[in-house]
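# Residue-level structure breakdown
Listed below, chain by chain, are the residues.
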Amino acid sequence: MSYDTIIVGAGPAGLAAGIYAARGALKVLIIEKGGIGGQIATSWEIENYPGSPPNSTGPGLTERMRQQCEEFGVEFANKTYLDSQKTATGFIVETESGKLETRTIIVATGAEPRLIGCKGEQELRGMGVSYCATCDANFFKGLKVAVIGGGDTALEEALYLTKFASEIIIIHRRDELRGAKILQQRIQENEKISMMLDSVVAEINGNGLVESIVVKNVKTGEMTAVPVDGVFVFVGQKPNSEAFVAQLESDTQNYLITDDEMRTNIAGIFAAGDVRRKSLRQVVTATADGAIAAVNVIKYVEELK
Ligand code: NAP
């Protein structure tokens, strides 16, 4: 069985690419190692994707995209991409459960949360240290939590946590937040949220469960022990590009480099969404990348005939 394109990753970029490629009459397979939806599978509210209705959730939005893919005949398989080899007619894609044949590949593997890297973070992961408020907020009803980071994700998740936790402290390494002004305003207005600026977490402590953190003021060097029941870490992301960087050109942070048509340095391999080097990583830019990649795949496949 040979495909016109194998899309690696079923987040918004991969699903949008699937819709466009299948509408272009290509034979399309999307492989995904986890669930459908990518990073927004854990987003409780998507309010900036144009046209999304009020209270639109990440899982709701991507489930609709998945249905659209299936309506156009896209196939899905739960597989992990390991490697690929170029052949005379396309590529052999190696997965953990066998080989697949395709004319083209679209890499849409997205990005994943970065860790703080402090003492206690790994040991207490899942024991009070979390990277997903949607997944874990419910465990912190009436408790005190720290949110680390000052970007959009940290601010949105801090606001979400106010529905559960009794107190939220945002700990940010600079003297001003990075996230959108509208989120900053909501943070200022929320009585449950306080801030420790110019501060980083030096240690997370606890015996089996998180009990406290040590916060370092980066300007004065002062160390403060703060009792908390949970630590939510939102300090940015890193690309899921490990399986590709040996083959494809990437930047210093391992984001894949493409041209405006989503072409990588290897003819027939395209990349779309958060795994790419780009200035804005949003659902709307991921779906746009997916559409552009798929349209160029369609042209590429036609030229092969
Ligand atoms: P981000 O914008 O890169 O923010 C990461 C935050 O973590 C920054 O405040 C950064 O500090 C801080 N940080 C990084 N490394 C750190 C470390 N080792 N220790 C302590 N703090 C550290 O990442 P993001 O918030 O995950 O957002 C990623 C992208 O998705 C952005 O483009 C964002 O706009 C977008 N996004 C959009 C929405 C939305 O519009 N609804 C929601 C979520 C995400 P500095 O500020 O000092 O660099």
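First things first, this report covers the structure right here in the doc. Residues take numbers from 1 onward in each chain, read along the sequence in its written order. Since the coordinates come from a predicted model, pLDDT governs what is reported: local features require at least 70, and pairs of side-chain atoms require 80 or more to be given and counted, while whole-chain, interface and lining totals use all residues. Water and hydrogen atoms play no part in the side-chain values, which are based on all heavy atoms of the structure.

## Quick word on the overall build of the protein chain
A run of H or I in DSSP becomes a helix once it reaches four residues, and a run of E becomes a strand once it reaches two; helices and strands are each numbered from the N terminus. Counting secondary structure elements, the protein chain contains six helices and 17 strands. For this measure, only C-alpha atoms enter the radius of gyration; the expected value for a globule follows 2.2 Å times N^0.38, where N is the number of residues. Taking 2.2 N^0.38 as the reference for a compact globule, 305 residues should give roughly 19 Å; the C-alpha atoms of the protein chain span a radius of gyration of 21 Å, in line with that estimate. Here the C-alpha coordinates of the protein chain stretch approximately 65 × 40 × 35 Å along the principal axes. To sort residues, take the accessible area from a 1.4 Å probe on protein chains only and compare it with the maximum for the residue type: under 20% means buried, over 50% means exposed, and anything in between is partly exposed. Residues classed as buried in the protein chain amount to 49% of the 305 residues present. Here a residue-residue contact requires only that any non-hydrogen atoms of the pair lie within 4.5 Å. Counting only contacts in the protein chain whose residues sit at least 6 apart along the sequence, the fraction spanning at least 24 positions is 59%. When the accessible surface of the protein chain is totalled, it reaches about 14,600 Å², and 49% of it is carbon and sulfur. Accessible surface is estimated by sampling points in the Shrake-Rupley manner with a 1.4 Å probe; for residues, cover comes only from the protein chains shown.

## Some words on helix α4 (residues 152–161)
Among the 10 residues that make up α4, seven are buried, leaving the element largely enclosed by the rest of the structure. Every buried residue of α4 is listed here: A154, L155, E157, A158, L159, Y160 and L161.

## Quick notes on the pattern of salt bridges
Between side chains of opposite charge, a pair can form when the charged atoms approach closely. Put simply, a salt bridge is a Lys or Arg side-chain nitrogen that is within 4 Å of an Asp or Glu carboxyl oxygen. All chains considered together, the criterion is met by 15 salt bridges. Put simply, E63 and R66 hold a salt bridge, and the shortest N to O gap is 2.6 Å. With a gap of three residues between them, E63 and R66 both fall in helix α2 (residues 58–71), about one helical turn apart. Judged by relative accessible area, which is 18%, R66 ranks as buried. Residues joined by salt bridges that share partners form a network here, namely E63, R66 and E70.

## Brief notes about the packing of aromatic side chains
Only the six-membered ring of Trp is used, alongside the rings of Phe and Tyr, when aromatic pairs are assigned; centres must lie within 6.5 Å, and planes under 30 degrees apart are stacked while those over 60 apart are edge-to-face, with the rest tilted. Evaluation of the coordinates by the stated rule reveals five aromatic pairs. Between F232 and F234 the ring centres are 6.4 Å apart and the planes differ by 20°, which places this aromatic pair in the stacked class. By relative accessible area, F232 is classed as buried at 0%. Site record: aromatic cluster; members linked through ring pairs are F140, F232 and F234.

## What to know about the site of the ligand
Taken together, 18 residues sit near the ligand, with N48, D152, E156, R178 and Q282 positioned nearest. Within the side chain of R178, one N or O atom sits 2.5 Å away from an oxygen atom of the ligand. A total of 910 Å² of accessible area belongs to the ligand in isolation, and the protein chains cover 79% of it. At three residues, the largest contribution of residues to the shell around the ligand is made by α4. Residues that form the shell around the ligand fall into these classes: two nonpolar, nine polar and seven charged. Being near a molecule or strand, for a residue, comes down to having at least one heavy atom within 4 Å of it. Between N or O atoms, a polar contact is any pair within 3.5 Å; within protein, one atom must be a potential hydrogen donor and the other a potential acceptor, and residues adjacent in sequence are included only when both atoms are from side chains. Charged means Asp, Glu, Lys or Arg here, nonpolar means Ala, Val, Leu, Ile, Met, Phe, Trp, Tyr, Cys or Pro, and polar covers whatever is left, Gly included.

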